[in-house]
Protein chains: 2
Amino acid sequence: MIKVLFQGHWDRKGIDYLRDKLDPSLQLFTEEDSVDDFEILISGRPDEALLSRSSGIKVLIIPWAGLPESTAVLLKKHPAIHVHNIHHNAASASEMAIALMMAAARLLVPADRSLRNNDWTWRYNQDRAVLIERSRILILGYGHVGSRVGAVCRTMGADVTGIQRKPSGPASEEGVPLYSIDRLHELLEKTDILIVALPLTPDTRGIIGDRELDLLHDRSIVVNIGRGHLIDEESLYHHLRNNLIGAAGIDVWYEYPSGKETVSDTPPSSCPFGTLDNIVMSPHMGGAFNLEELERQRMVHLVQLLNLYAAGEPLPDRIDLYQGY
Amino acid sequence: MIKVLFQGHWDRKGIDYLRDKLDPSLQLFTEEDSVDDFEILISGRPDEALLSRSSGIKVLIIPWAGLPESTAVLLKKHPAIHVHNIHHNAASASEMAIALMMAAARLLVPADRSLRNNDWTWRYNQDRAVLIERSRILILGYGHVGSRVGAVCRTMGADVTGIQRKPSGPASEEGVPLYSIDRLHELLEKTDILIVALPLTPDTRGIIGDRELDLLHDRSIVVNIGRGHLIDEESLYHHLRNNLIGAAGIDVWYEYPSGKETVSDTPPSSCPFGTLDNIVMSPHMGGAFNLEELERQRMVHLVQLLNLYAAGEPLPDRIDLYQGY
């Protein structure tokens, strides 16, 4: 019997679903069971005390996409434990990227605001609208989310290029040419729409700054669905404010509410992005927090991973703690 | 030599492009040439005086999609003249439908408005968000625009069904089952997202009213990219206001500015849609009026049609004046 501990407070229905679908060789425990000697731990932010409860942990599954800094630090001290992500929200995040791209391309936010005031001016003001068809789209981070975004853009007739950590092997995937990050600058010069879908690591922080935004033309669109600090905050504001780029759709920010009491009063940036018409601002909704369908998908993905383990199969989406994803 | 008269005031660059690409057997004239005996007339709203200038008109090309009422009335008196549309803006209109669908599904408008005021509440309020993946999408009007919308939705993993005037021959197109309008009610009961992409004709006016909206569930999304009056105005307001449907994305309206002086002060409806959070309101931007790229595409499509005529080939997209499209 392989013991699995699922840490944290999860919906009872989800836990029941897991228990129902798990391979019989796996036994699932939650925190209230106070179990020890588990072989698999499902937890996003474990601490040393939790890890010390079992000497035989083989796998840590973070039940979402991403690696919290504290988890990276702790797990580097436990190199025998393999760390894995699940990507159950890749569909949701990629759909959010499409939503932001389309809204930015068609100036939906100011057009909606004006029409609510009976003002149709934006109808006659579409010389800055952007069509996806025939646009050149660069997806920085062609992974679980980026590849889905790419497929949708290609269906709309766009010319899609991807940047991947390891674009070795086939240099393209389903017709999308893939390059490594050292080609970023030359690709930006030929880009109409830039989609940033990278994880945030020491290597990727500020990967898009003044120099990169300068390479884009003044009607280009920038979408960030990764993490705020992938794009330099002041560079982005400066380029939008002065129409050096055309528009942006931004889901991820520079400041976040620290707790419930600050949810309704936390500026997402020290720059006044909220004064600009050429940005769509969403409050980190890519993961569709609290959406019941996604919670179900989380459990579906956990079952897949756990049952692969039970079958002795290799597990996908292992995290390199030093690369950060 | 076949004479072609292009009525109206068009960009010089576009006319030059046409002249450059036309088959040598065609000769293009504009209004300032005051030509008679033309065989092809390009005009959206001709009058009797214009038609009487040539006794040999074979084809009227309306240089956009749709049939103005006055043109229908006039051309019914000239049954020998075949009337054709071009669909150069199908990409733009379909992208607008996707933009509205995605913005409605992810509550982008109120989320953006709140975040500009430092309020992140919508991040924690996504239980009413809708994922396109696995959604059941019904496209009412599976034509030039609707089929493009369908392809994009399918790439996102949706289950797409279409309603067509004549779904005879193959009952599906690229995996999309196609039905005739008499199946509308039973299909609405199994629909999460309804996309209305019909032309407005006497038969389609008010095709979506109380009864049809009642068949949709209370998290469903309605998008209208066709014409306002396809959906009954008060029914739509009532269903949105009382959360009987989930959300709507509306590009086409019930009232329009009558001229330049009323552009900034014309309510799009007698119902106060602008007070609702669950609607995205765009001022008829599907055609991307004034977008240079689309003007270029208009000329590309005209060239195709004219050169087919020169080659003696049958012309696509003929309008049935009695059906209205």
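Treat the numbers as computed from the prediction; the structure is a model and nothing was measured. (Residues numbered from 1 in each chain as written. Chains lettered and ligands numbered in written order. Predicted model: local features only at pLDDT ≥ 70, side-chain atom pairs only at ≥ 80, totals over all residues.)

The helix and strand inventory of chain A stands at 10 helices and 13 strands. Computed over its C-alpha atoms, the radius of gyration of chain A comes to 22 Å, within 12% of the 20 Å expected for a compact globule of 325 residues. When the backbone C-alpha atoms are referred to their principal axes, chain A occupies close to 65 × 50 × 35 Å. Residues classed as buried in chain A amount to 43% of the 325 residues present. Counting contacts in chain A only where the partners sit at least 6 residues apart, residues at least 24 apart contribute 67% of the total. (Helix = DSSP H or I, 4+ residues; strand = E, 2+ residues; numbered from the N terminus. Rg over C-alpha atoms; globule rule 2.2 N^0.38 Å. Buried ≥ 20, exposed ≤ 12 C-beta atoms within 10 Å, placed from the backbone. Contact = placed C-beta atoms within 7 Å.)

A separate point is the relation of the copies chain B and chain A. When chain B is fitted to chain A, the residual RMSD is 0.1 Å, and the transformation amounts to a turn of 180° plus an axial shift of 0.0 Å. Such a combination of turn and shift is consistent with a two-fold rotation axis. A shared interface surface links the copies, since 100% of the contact residues of chain B are contact residues in chain A too. (Least-squares fit on C-alpha atoms with pLDDT ≥ 70 in both.)

Residues and elements named next belong to chain A. Read from one edge of the open sheet, 5 strands run β2-β1-β3-β4-β5, paired in parallel fashion. Each edge of the open sheet carries a strand with a single partner, namely β2 (26-30) and β5 (82-85). Averaged over neighbouring strand pairs, the angle between their axes works out to 20° when direction is ignored. Of the strand pairs in this sheet, strand β1 (residues 2-6) and strand β3 (residues 40-42) are connected by 3 bridges, and their pairing is parallel. Looking across to β3, one finds that Val4 is bridged to Ile40. (Pairing = 2+ DSSP bridges. Axes fitted to C-alpha atoms, helices over the stretch in contact; angles between N-to-C directions.)

To continue, consider the interface of chain B and chain A. In this complex, chain B contributes 53 residues to the contact, which on the side of chain A involves 53 residues. Take the side of chain B that touches chain A: its biggest share by element is 8 residues, from helix α4 (residues 90-105) of chain B. Of the residues belonging to the side of chain B that touches chain A, the class tally is 30 nonpolar, 12 polar and 11 charged. (Nonpolar A, V, L, I, M, F, W, Y, C, P; charged D, E, K, R; others polar.)

Before going further, it helps to spend a moment on the packing of helix α1 (residues 12-21) of chain A against helix α10 (residues 292-310) of chain A. All names here are of chain A. Following both chains from N to C, one finds α1 and α10 inclined at 30°, their axes separated by 10 Å at the closest point. Our classification of the angle between α1 and α10 gives roughly parallel. Every pair of crossing elements has a handedness; the one defined by α1 and α10 is right-handed. Together, Gly14, Tyr17, Leu18 and Lys21 of α1 and Glu295, Met299, Leu302 and Val303 of α10 make up the contact between the two elements. (Parallel < 35°, antiparallel > 145°, perpendicular 65-115°, else oblique. Left-handed = near helix turned anticlockwise from the far one by under 90°.)

Among the nonpolar cores identified, the biggest contains 142 residues, and A:Ala97, A:Ile195, B:Ala97 and B:Ile195 are the most heavily contacted of them. Contacts of B:Ile195, omitting those with residues within four sequence positions, involve B:Ala97, B:Met101, B:Ile137, B:Ile139, B:Leu140, B:Gly146, B:Val149 and B:Val223. One finds B:Leu41, B:Ile61, B:Ile86 and B:Leu302 within the second-largest nonpolar core, a separate group that totals 25 residues. (Core = buried A, V, L, I, M, F, W, Y, C linked by C-beta atoms within 7 Å.)

Next up on the list: the pairing of strand β1 (residues 2-6) of chain B. All names here are of chain B. Looking at chain direction, β1 and strand β2 (residues 26-30) are connected through 5 bridges and run parallel. Along β2, the bridge assignment pairs Ile2 with Leu26. With helix α1 (residues 12-21) bridging β1 and its parallel neighbour β2, the resulting β-α-β unit is right-handed. (Right-handed = clockwise from strand over helix to strand, strands pointing away.)

With respect to topology, 8 strands assemble into an open sheet ordered β8-β9-β7-β6-β10-β11-β12-β13 (chain B), the strand pairing being mixed. Both outer strands of the open sheet, β8 (172-173) and β13 (279-281) of chain B, are each paired with one neighbouring strand and no more.

The next subject is the packing of α4(B) against helix α6 (residues 144-155) of chain B. All names here are of chain B. Running from N to C, α4 and α6 point in directions that differ by 50°, and their axes come no closer than 8 Å. What the angle tells us is that α4 and α6 run oblique. Every pair of crossing elements has a handedness; the one defined by α4 and α6 is right-handed. Taking contact as the criterion, the partners of Ala90, Ala91, Ala93, Ser94, Ala97 and Ile98 in α4 are, on α6, His144, Val145, Arg148, Val149 and Val152. Tallied by class, residues from the contact of α4 with α6 come to 8 nonpolar, 2 polar and 1 charged.

This part is about the confidence of the model for chain A. Looking at chain A, the pLDDT average stands at 94 and 99% of residues meet or exceed 70. We note a pTM of 0.92 for the whole complex and an ipTM of 0.92 for its interfaces. (pLDDT = per-residue confidence, 0-100.)

Where interface size is given, it is often the accessible area lost as the parts come together that is meant. What the domain assignment lists for chain A is domain 1 (2-88 + 291-310) and domain 2 (90-281). Placing the centre of domain 1 of chain A and that of domain 2 of chain A at their C-alpha centroids yields a distance of 33 Å. (Domains from an automatic or database assignment.)

Let us look at unusual backbone geometry. Residue and element names in this part refer to chain B. Positioned with a positive phi, Asp37 is a non-glycine residue whose angle comes to about 35°. Residue position: Asp37 is located in the loop between β2 and β3 (40-42). By C-beta crowding, Asp37 is classed as exposed, having 11 other C-beta atoms within 10 Å. Look at Asn118: it is not a glycine, yet its phi comes out positive at around 70°. Locating Asn118 in the fold gives a position in the loop between α5 (108-116) and β6 (136-140). Classification of Asn118 as partly exposed rests on a count of 17 C-beta atoms within 10 Å.

What follows is about the environment of B:Tyr322. All names here are of chain B. Here Tyr322 shows up in the segment after α10 (292-310). Taking the C-beta count within 10 Å as the criterion, Tyr322 has 9 such neighbours and is therefore assigned exposed. A C-alpha to C-alpha distance of 28 Å links Tyr322 and Leu188, two positions 134 residues apart in sequence.

Take the pairing of strand β12 (residues 247-250) of chain A next. Residues and elements named next belong to chain A. Where burial is concerned, the two faces of β12 agree: the one with Ala247 and Gly249 and the one with Ala248 and Ile250 are both buried. Relative to β12, strand β11 (residues 221-224) runs parallel, the two sharing 4 bridges. Among the inter-strand pairings, Ile221 is bridged to a residue of β12, identified as Ala247. Here β12 runs beside strand β13 (residues 279-281); their pairing, made up of 3 bridges, is parallel. Of the residues in β13, the one forming a bridge with Ile250 is Met281.

As a further point, take the environment of A:Ala93. Residues and elements named next belong to chain A. The topology assignment puts Ala93 in helix α4 (residues 90-105). The spatial distance from the C-alpha of Ala93 to the C-alpha of Ile225 is 7.1 Å, given a sequence separation of 132 residues. In contact with Ala93, not counting residues within four places along its chain, are Val145, Ile225, Gly286 and Gly287.

Residue and element names in this part refer to chain B. Relative to the 16 Å expected for 12 residues at 1.5 Å per residue, α6 spans 18 Å between its end C-alpha atoms, a close match to the ideal helical length. Those residues of α6 not exposed but buried are Val145, Gly146, Ser147, Arg148, Val149, Gly150, Val152 and Cys153. Immediately beyond the C-terminal end of α6, within one or two residues, lies Gly157, with a positive phi of roughly 90°. (Expected span 1.5 Å × (residues − 1).)

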